[in-house]
Amino acid sequence: MKTNKRAVVLLSGGQDSTTCLFWAKREFDEVYAIGFDYGQKHKKENALAKEIADMAGVPFKLVSIDSLSQLHHNALTDSSIEVCHEKPEGELPNTFVPGRNLIFLTYAAIYAYTIDAHHLVTGVSEADYSGYPDCRNNFARAANVAISLALDTEFEVHTPLMWLDKSEVWKLSDELGVLDLVREKTLTCYNGIPADGCGECPACKLRRAGLQKYLNSKK
């Protein structure tokens, strides 16, 4: 059942955020999308996000916050750093961009405030992730409170994938009728290769294993 309310989806052009976009289209009457140029190595994801938003019939706003890449060196924003395929024990992956999701939610809330939207949708997940602290449920709930206080407006941060593993995310995209679109049009690969990606980086392995598990469950 639709809520007859307006939502802003954080859209990166990846599997998770694209699934969230179509989830939001099912749940809300009006949906807007926002993406970010934060100095990431692979700009193609923003172009894909725009294409996906157009296919969904959703307005897309791209915001530049590339100064983020000046504050911390990591494998997603620094071309001299290669993605580590194995996370060092007791450490975060070198693909972690400190503060990224907090900044993204803040910018999305400002945009939502401007267009009188009170719902924010983000694809963070604690069930099947790389250990990023800003993908956890307690972060999302705390950010929800902080943003609402900062803007003196009641926002609701929706995290429809929070407790779904990757196979369940594929299942959701299938239920939404966009499994093929997600598989063929999104970019999850840390090496910047769309669709099924390089197959070797951590993001590709997680994505592929989830898809295989889901397809096997349908046999």
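The structure this text deals with has already been given above.
An account of the accompanying structure is given in this report. (Residues numbered from 1 in each chain as written. Predicted model: local features only at pLDDT ≥ 70, side-chain atom pairs only at ≥ 80, totals over all residues. Heavy atoms only, no water.)

**Focus: the state of the cysteines**
Two cysteines form a disulfide when their sulfur atoms are joined by a covalent bond.
Right, on to step 1. Using the criterion set out here, one finds 0 disulfides in the structure.
Right, on to step 2. The cysteine Cys189 is free of any disulfide, with Cys204 supplying the nearest cysteine sulfur at 3.6 Å.
Right, on to step 3. The thiol of Cys204 is unpaired, and the distance to the nearest cysteine sulfur, on Cys201, comes to 3.6 Å. (Disulfide = S-S within 2.5 Å.)

**Some words on the nonpolar core**
Right, on to step 1. Formed by 37 residues in total, the largest nonpolar core has its most connected members in Val8, Ile34, Leu105 and Leu120.
Right, on to step 2. For this core, the secondary-structure elements that each account for two or more residues are strand S1 (6–10), strand S2 (30–37), helix H3 (100–114), helix H4 (137–151) and helix H7 (202–217).
Right, on to step 3. Among the elements that line this core, the one with the most residues is H3, at 6 residues.
Right, on to step 4. Those residues within four positions of Val8 in sequence are excluded, and the remaining contacts are Tyr32, Ile34, Ala108, Tyr111, Ala112, Ile115, Ala117, His119, Leu120 and Val121.
Right, on to step 5. With 29 residues, the next largest nonpolar core counts Cys20, Leu161, Val182 and Leu211 among its residues. (Core = buried A, V, L, I, M, F, W, Y, C linked by side-chain atoms within 4.5 Å. Buried < 20%, exposed > 50% of the residue type's maximum accessible area, 1.4 Å probe, protein only. Helix = DSSP H or I, 4+ residues; strand = E, 2+ residues; numbered from the N terminus. Contact = heavy atoms within 4.5 Å.)

**Comments concerning the packing of aromatic side chains**
Right, on to step 1. For the structure on display, the rule yields 5 aromatic pairs.
Right, on to step 2. Taken together, a centroid distance of 6.5 Å and an interplanar angle of 85 degrees make the contact between Tyr32 and Tyr111 edge-to-face. Here Tyr32 is found in strand S2, whereas its partner Tyr111 is found in helix H3, with 79 residues between them in sequence.
Right, on to step 3. Taking relative accessible area as the criterion, Tyr32 reaches 17% and is therefore assigned buried.
Right, on to step 4. These aromatic residues form a ring-pair network of at least three members: Phe36, Tyr38, Phe104 and Tyr107. (Phe/Tyr/Trp six-rings, centres within 6.5 Å; stacked < 30°, edge-to-face > 60°.)

**Observations concerning the packing of helix H5 (residues 166–175) against H7**
Right, on to step 1. For the pair H5 and H7, interaxial distance at closest approach is 7 Å and the crossing angle is 65 degrees. When the axes of H5 and H7 are compared, the crossing they make is right-handed. Side by side, H5 and H7 meet where Lys166, Ser167, Trp170, Lys171 and Asp174 of the first sit next to Leu206, Arg207, Gly210, Leu211, Lys213 and Tyr214 of the second.
Right, on to step 2. Residues belonging to the contact of H5 with H7 are distributed by class as follows: 4 nonpolar, 2 polar and 5 charged. (Axes fitted to C-alpha atoms, helices over the stretch in contact; angles between N-to-C directions. Left-handed = near helix turned anticlockwise from the far one by under 90°. Nonpolar A, V, L, I, M, F, W, Y, C, P; charged D, E, K, R; others polar.)

**A few points about the pattern of salt bridges**
Right, on to step 1. On inspection of all chains with the given rule, the structure shows 9 salt bridges.
Right, on to step 2. A salt bridge links Arg183 to Asp196, with the shortest nitrogen-to-oxygen separation between them at 3.3 Å. Taken as a pair, Arg183 in helix H6 (residues 179–185) and Asp196 in the loop between H6 and H7 lie far apart in primary sequence, 13 residues in all.
Right, on to step 3. Residue classification places Arg183 among the partly exposed positions, given a relative accessible area of 31%.
Right, on to step 4. Taking relative accessible area as the criterion, Asp196 reaches 45% and is therefore assigned partly exposed. (Salt bridge = Lys/Arg side-chain N within 4 Å of Asp/Glu carboxyl O.)

**Description of unusual backbone geometry**
Right, on to step 1. Positive phi is not limited to glycine here, since Asp116 has a value of about 60 degrees.
Right, on to step 2. Along the chain, Asp116 falls in the loop between H3 and strand S4 (119–121).
Right, on to step 3. For Asp116, a relative accessible area of 53% corresponds to the exposed category.
Right, on to step 4. The phi angle at Ala195 is positive, at roughly 60 degrees, despite the residue not being glycine.
Right, on to step 5. In this structure, Ala195 sits in the loop between H6 and H7.
Right, on to step 6. A relative accessible area of 23% means that Ala195 is categorised as partly exposed.

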